[in-house]
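Results of the structural survey
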Amino acid sequence: MRLRNTAEEIGLVSRALHWLMALGILAMLGFGTYIARMQVSMANLWLFGLHKSIGLTLLVLVLIRLVWHRHSPVPRPLGPRDHWKTRAAIWVHRTLYALMIAIPIAGWIGSAATGLDVILFGHWTLPRIAPVSESWENAAFALHRILTRTLAALVLLHVAAALTRRDGTLGRMWRGRAQR
């Protein structure tokens, strides 16, 4: 079992980061939907703090993943290189990465704009990256919601595409190598 990617195989580190992030994102989509329906109060403020902490942890993980892929590039997609599905998959992946970066940053901006400290797991106060402003807060959280809904739609598309491909892509993402 290789840690690094090869020309044919996806290494253990890439697969672990992929599945860890997949679980984290799915959990956050559900968790975020749940807390979005709540009225913020002192009794549930810790849930919002937990959401922020997990979201910013996922931001760090996606940045680690991007750095890892620079040092251990992923293998080329399976199937014909000029096939429209392969090109679409590449663009969906790029958009997923952009959203995984933009969503927590938009949430961080919105949280900073409330005037409350953004505290990671109750211990580390993060820098304020936006002025205290109701208009900044509203705009950032609106962007956060729009981007999150876009991410949810692309995740569904990504999962559907992975389940319907018959070229071994899902097996390679699960076991490291394609088994047709």
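Residues numbered from 1 in each chain as written. Predicted model: local features only at pLDDT ≥ 70, side-chain atom pairs only at ≥ 80, totals over all residues. Heavy atoms only, no water.

So, about the pattern of salt bridges. The tally for this structure, following the rule as stated, stands at two salt bridges. Measuring nitrogen to oxygen at the nearest pair gives 3.4 Å for the salt bridge that ties R2 to E9. As a salt-bridge pair, R128 and D117 come within 3.3 Å of each other at their nearest N and O atoms. Residue R128 is found in the loop between β2 (124–125) and α4 (134–164), and its partner D117 is found in the loop between α3 (84–113) and β1 (119–120); the two are separated by 11 residues along the sequence. Its relative accessible area of 38% is what places R128 among the partly exposed residues. Accessibility expressed as a relative area gives 45% for D117, which makes it partly exposed. (Salt bridge = Lys/Arg side-chain N within 4 Å of Asp/Glu carboxyl O. Helix = DSSP H or I, 4+ residues; strand = E, 2+ residues; numbered from the N terminus. Buried < 20%, exposed > 50% of the residue type's maximum accessible area, 1.4 Å probe, protein only.)

Now for the packing of aromatic side chains. All told, the structure shown has one aromatic pair when counted by the stated rule. Aromatic pair W19 and W174: ring centres 5.1 Å apart, planes at 80°, arrangement edge-to-face. Here W174 lies in helix α5 (residues 169–175) and W19 lies in helix α1 (residues 12–36), a separation of 155 residues in the sequence. Taking the relative accessible area as the measure of exposure, W19 reaches 29% and is therefore partly exposed. On the basis of relative accessible area, W174 is assigned to the exposed category, the value being 55%. Positioned over the ring face of W68 is R4, at 5.7 Å from the centre of the ring. Note that R94 overlies the ring of W91, its terminal NZ or CZ placed 4.8 Å from the centroid. (Phe/Tyr/Trp six-rings, centres within 6.5 Å; stacked < 30°, edge-to-face > 60°. Lys NZ or Arg CZ within 6 Å of the ring centre and 35° of its normal.)

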